[in-house]
Amino acid sequence: MNIGINKYLTMLLEQNKVEVLAIALKLKLFMYLEEENIDLEKLLSYLNTNKENTQILLEALAMMDLIKKEKSFYINSSLAKKYFVYNTSSYCGDVFLHRKELSTHSRKVMSKLISEGSAKQALAKNSKLWANASKKSLKQEQKNLISKTVLEIVQEIQDFPKMKKMLDLGCSSGVLGLEIINKYPNLSGVLFDFPDLAEVVKEHISEYNLDNRVKFVGGDIQNDEIGSNYDFIWCSNIFYFFENKDEVLEKIYKALNPNGILISAHVEIGEEKEQYEDSFFYFLGLKLQGRTTFKPMHLSQAFEKVGFRNINSYTTEQFPLTKTQIHIVRK
Ligand SMILES: C[S@@+](CC[C@H](N)C(=O)[O-])C[C@H]1O[C@@H](n2cnc3c(N)ncnc32)[C@H](O)[C@@H]1O
């Protein structure tokens, strides 16, 4: 039986693991291990790093189940192969590095926020940051970690193939909306986010060859028109950023055609530790900045209040980091 305080002391060790993975990603180490017969000497010829300490880095990565040593050769684990080999289509290294940067920043300001509360400035829009993130990490996250689940969610809606016009509200990179529209040939759509995201989203529309069916509209969801006559609106992880979520919900309701569908994907945080501990700590930084987080039922009730009929609500574990609540509601 260990001494009780180890529950807390061992938390510090996780930070070392985070740093080890970040260093390996920055060195593109997993990419080199994809070659055959990579031993330490061969790896050093690529990395140009210190021999003894690179060996220690490799031991650490093996401890973390990211690589294996077979005889004198190093090979990637299946997860490292899938997500961390630089320059492959399923690469998610930038997701990890970007999220690490965000959580480092969030920890840095935590103590100040607790002493002084959240300044108005912290609530100002961060559209340039979203635009930057959308070029790499958010695009990777949407394409490689979220879109498969999104397509499965949409596929469950019987009349979805009949839908003609959709809106991806707060689209960031735009890839979720693009993946949906790409799959349904009758569908055209609008990708909406702050104007600063225009360049990156338009680039992605062209990458998908969907310029004839998709357009980007830039604006502030809270203050600008979001369009009308939509059969379907997708909105994921955006409600935390609004000062008046109910007004936005009314706007969404009005923008839908009768019988139109809204799908919302947001994290809800209840009080039971076993169920919500990860979500609580994931959103701690945002909460301290004065953003809104949602308790279970909070969003269902808000949807009902504007007039939506509930079709289906459920929790999925198929989104990055924490459980996410899916609400499928109809006008
Ligand atoms: C956490 S990201 C979510 C992106 C995407 N929906 C997803 O689930 O991957 C939030 C996005 O909402 C956008 N956003 C937040 N507030 C907004 C507003 N008032 N007007 C337009 N876009 C907004 C941000 O620019 C950002 O791209």
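Residues numbered from 1 in each chain as written. Predicted model: local features only at pLDDT ≥ 70, side-chain atom pairs only at ≥ 80, totals over all residues. Heavy atoms only, no water.

This part is about the site of the ligand. What surrounds the ligand is a group of 14 residues, the closest being Q142, G170, D193, I221 and S236. At a separation of 2.8 Å, a nitrogen atom of the ligand approaches a polar backbone atom of G170. Residues of the shell around the ligand, tallied by class, amount to six nonpolar, six polar and two charged. (Near = heavy atom within 4 Å. Polar contact = N/O pair within 3.5 Å; in protein donor to acceptor, adjacent residues only side chain to side chain. Nonpolar A, V, L, I, M, F, W, Y, C, P; charged D, E, K, R; others polar.)

For the rest of this paragraph, the subject is a nonpolar patch on the surface. Taken together, the side chains of I3, I5, Y8, L9, M11 and L12 present a nonpolar region at the surface, about 630 Å² in accessible area. Along the polypeptide, L12 turns up in helix α2 (residues 11–26). (Patch = residues over 30% accessible without salt bridge, like charges linked within 9 Å, V, L, I, M, F, W, Y side chains within 5 Å. Areas by Shrake-Rupley, 256 points an atom, 1.4 Å probe, with all protein chains shown as cover. Salt bridge = Lys/Arg side-chain N within 4 Å of Asp/Glu carboxyl O. Helix = DSSP H or I, 4+ residues; strand = E, 2+ residues; numbered from the N terminus.)

Attention now goes to the UniProt feature "domain: O-methyltransferase dimerisation" (unreviewed entry) in the protein. UniProt feature "domain: O-methyltransferase dimerisation" (unreviewed entry): in the numbering of this structure it lies at residues 19–84. End C-alpha to end C-alpha, residues 19–84 measures 15 Å, and it is 61% helix and 12% strand. (UniProt positions renumbered as here; feature names shortened; annotations may be inferred.)

Applying the stated rule across the entire model yields 14 salt bridges. The shortest N-O distance in the salt bridge between D246 and K245 comes to 2.8 Å. Among the residues examined, D246 registers a relative accessible area of 28% and is labelled partly exposed. Residue K305 is joined to D246 by a salt bridge in which the shortest nitrogen-to-oxygen separation is 3.4 Å. Within this pair, whereas K305 is found in helix α15 (residues 298–306), its partner D246 is found in helix α12 (residues 245–255), the two being separated by 59 residues in sequence. (Buried < 20%, exposed > 50% of the residue type's maximum accessible area, 1.4 Å probe, protein only.)

This part takes up the state of the cysteines. Scanning the model with the defined rule gives zero disulfides in all. Not part of a disulfide, C92 finds its nearest cysteine sulfur in C171, a span of 19 Å. You can call C92 buried: its relative accessible area is 4%. No disulfide involves C171; its nearest neighbouring cysteine sulfur is the one of C235, lying 12 Å away. The exposure class of C171 is buried, given its relative accessible area of 0%. (Disulfide = S-S within 2.5 Å.)

A separate point is the side chain of D231. Here D231 shows up in strand β6 (residues 230–236). K164 provides the closest opposite charge to the buried, unpaired D231, separated from it by 6.5 Å. A polar atom in the side chain of D231 sits 2.7 Å from the backbone nitrogen of K164. Those residues in contact with D231, other than ones at most four positions away along the chain, are M163, K164, K165, L256, N257, G260 and I261. (Lys, Arg positive; Asp, Glu negative; His and termini not counted. Contact = heavy atoms within 4.5 Å.)

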